[in-house]
Every structure is written in C-alpha cells, then in structure tokens.
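Residues per chain are reported as follows:
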Amino acid sequence: MDRGDKWTLNRKTALVTGSTKGIGRAVAEELASLGAAVFVVARRQDEVKKQVKKMQDSGFEAFGITADVTLPEDRKQILAIVNRTKHGLDILINNVGTNIRKKAVDYSDAEYLHILNTNMHSNFALSRLFYPLLKISKDAALVNVLSVAGLTHLRSGAPYGMSKAALTQLTRNLAVEWAANGIRVNAVAPWYTKTPLVKKLLQDKKYLQDLLNRTPMKRLAEPEEVATAVAFLCMPAASYVTGQCLAVDGGFMVNGF
C-alpha cells in the first residue's frame, strides 16, 4: 500500500447516524473530506436535506436518508436505500444517542426504555443489519460513539451510563466475532463536547466551571476533535486496531488526585 493511501478514505462508502448535528455532523464531514461517499441519516427531512446540500456544495459525495433508527421499519428502509445505490458499505458509524438527566429513582419506565432503545438497542440492531454489507467490503470499519459516562460515573444519569457501557462491551464482542471477516470494530468515548445535546447545561456557569476543573486541558472538546479520532479508526492507517475504546476527553479519565 502506498504511504499516502493509509491516510485516505478514497473509494470508501460510509453511513453515519444522527449526522445533522454535533459529533455526527462533524464525523460525516470529516469522512467526506477524506474521500468517502457518505450517507447522512437523521430523523428530520429538512435537516438531512440541508446537511447533504452543504456537503455537496463543498464538493463531497453525500446522500440523505430520513429515518428514525429506533424503529425497525426505518432501519430496514435505511438498508434498502443503501442497497439501491449499489455503493455497498465500508464504514458504519453508530453515533445516534439521547439522554434524560435525572436521579435513578425518578425515571419513568418509558424514559428508561427510550434511552436504552436509542443508545443501545438501535446500534446493536444496525450493526447486525449491515453486517452482510460490511463483510463483503473485506476492509470494513465500524465505530461506536460512546461517552466517558460508559467508563466511569458522571452526573449524566444511570440509564445513559448503562447504555454507553453496554456499547463498550458490544465493541469488544463484535471486534472478536467479526475479525475473520475483515471488519474492525472500535469506539470513541468523548467527554463533554460542544453539541446541542449539552448546550443548555453549559449555560450554567457553575456546572461549566465544574467540568473545566475536572479537565486537565481546561476546555471542552469541539465536535471536529472527536470526528478526527473516529476518522483515524476508519482509515487503513489503523488496520491493526480493533476492539479498542479511545477516550477523547482532554485527560479527564486519567485525572486522579
């Protein structure tokens, strides 16, 4: 392989869930900038169209799919659309996620199940659904977008942490199961990142200062900084990396006393 080919995604096709905002948007744009054709997947049609147009106007190859990945029928629709384009699939980014912040005893059953269905079950289902296409690729990458909340306690709430911890183990299991099929499976675990999901929280100056006090680099991440870590795990340069969870956290996870 030419040295330069290790750091490109030319001739690759990627699908990124939840890719009209925050980390997902940044990942879609980063993969496209490295040469991949990208399927942008999100629930709101207007936002999907806007994001696809933005990417196409930048000279990138992008396709839009409006779907809710928590719904089985929508997941099947995503697969059908990908199959119709005849691009195949080399890269799957399970990015979609949500949260409701409460004390453990205050969650309703519906809230608890909504978080687990969005963050955990939908990602497991999509991984299995796209396994045949990834297997055909013979040089495929799957990246789960987690959170440091799945590695240690945060104030984000128990169901959120549970769902992200489950994806950490899913990453390990699939990495071993699918290695023989040429599919590498990794994860990134961001700390607080400037996204719409936490925008309201960050308006609380005391909360923001608490975050900065726990972060050795004394700042929050930009979505693009998480996206470059995801992109690395998708490139041939990471060809011997699988089953790993990379914390993108400004030093948070190693910040003892």
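Note: the structure precedes this text.
Owing to the predicted nature of the structure, the values given are computational and were not obtained by experimental measurement.

Reading the values: the criteria
Note that residues are indexed from 1 along each chain, following the sequence as it is written. With pLDDT at 70 or above as the cut-off, local features in this predicted model cover only qualifying residues; side-chain atom pairs require 80 or more to be listed or tallied, and sums for whole chains, interfaces and linings still use all residues. For the side-chain quantities, the full set of heavy atoms in the structure was used; hydrogens and water were omitted. Following DSSP output, two strands are said to pair if at least two bridges run between them. Under the DSSP-based scheme used, a helix requires at least four consecutive residues in state H or I and a strand at least two consecutive residues in state E, with every element numbered from the N terminus. Only the stretch in contact is used when fitting a helix axis, every axis being a line fitted to C-alpha atoms; angles between N-to-C directions are given from 0 to 180 degrees. Residue contacts are defined here by distance: any two heavy atoms, one from each residue, within 4.5 Å place the two residues in contact. Only Phe, Tyr and Trp rings take part, Trp by its six-membered ring, and two of them pair if their centres are within 6.5 Å. Stacked means planes under 30 degrees apart, edge-to-face means over 60, and tilted covers everything else. Categorising residues by exposure relies on relative accessible area from a 1.4 Å probe, with only protein chains included: less than 20% of the type maximum marks a residue as buried, more than 50% marks it as exposed, and the intermediate range marks it as partly exposed. Any angle from 65 to 115 degrees is called roughly perpendicular, while one under 35 is roughly parallel, one over 145 is roughly antiparallel, and all others are oblique. Definitions for this section: a left-handed crossing has its near helix turned counterclockwise from the far helix by less than a right angle. A right-handed crossing has that turn clockwise. Residue polarity is assigned by list, with Asp, Glu, Lys and Arg as charged and Ala, Val, Leu, Ile, Met, Phe, Trp, Tyr, Cys and Pro as nonpolar; anything else, Gly included, falls into the polar class.

The next point concerns the sheet that holds strand 2 (residues 37–42). Here we have 7 strands laid out as an open sheet, ordered 3-2-1-4-5-6-7, and parallel in their pairing. Each of the sheet's edge strands pairs with one partner strand only, and the pair in question is strand 3 (62–66) and strand 7 (245–248). Sheet twist, expressed as the average angle between the axes of neighbouring strands with direction ignored, equals 20°. Here strand 2 runs beside strand 3; their pairing, made up of 5 bridges, is parallel. Bridged to Ala 42 within strand 3 is Thr 66. Against the sheet, helix 1 (residues 22–33) engages strand 1 (13–17), strand 2, strand 4 (91–94), strand 5 (140–145) and strand 6 (183–190), with an angle of about 170° to strand 1. Strands strand 4, strand 5, strand 6 and strand 7 of the sheet are contacted by helix 8 (residues 223–234), whose axis makes an angle of about 165° with strand 6.

The next thing to look at is the packing of aromatic side chains. Under the criterion given, the structure shown has 6 aromatic pairs. Aromatic side chains Tyr 131 and Trp 178 sit 4.7 Å apart centroid to centroid with 35° between the ring planes, which places their arrangement in the tilted category. Highlighted residues: Tyr 131 in helix 4 (residues 109–137) and Trp 178 in the loop between helix 5 (158–177) and strand 6, separated in sequence by 47 residues. The class for Tyr 131 is partly exposed, based on a relative accessible area of 21%. Note on Trp 191 and Phe 252: the rings are 3.8 Å apart at their centroids and 10° apart in plane angle, and the pair reads as stacked. Of the two residues, Trp 191 is situated in the loop between strand 6 and helix 6 (199–202) and Phe 252 in the segment after strand 7; the sequence distance between them amounts to 61 residues. Grouping residues by exposure puts Trp 191 and Phe 252 together as buried. Three or more aromatic residues link up through ring pairs in this structure, and these residues are Trp 191, Tyr 192, Tyr 207 and Phe 252.

Where helix 4 contacts helix 5, the axes come no closer than 9 Å and their chain directions differ by 15°. When the interaxial angle is binned, helix 4 and helix 5 end up roughly parallel. The element helix 4 and its partner helix 5 pack so that their crossing is right-handed. Along the contact surface, helix 4 presents Tyr 112, Ile 115, Leu 116, Asn 119, Met 120, Asn 123, Phe 124 and Ser 127, while helix 5 presents Pro 159, Tyr 160, Met 162, Ser 163, Lys 164, Ala 166, Leu 167, Leu 170 and Leu 174. Broken down by class, the residue content of the contact of helix 4 with helix 5 amounts to 12 nonpolar, 4 polar and 1 charged.

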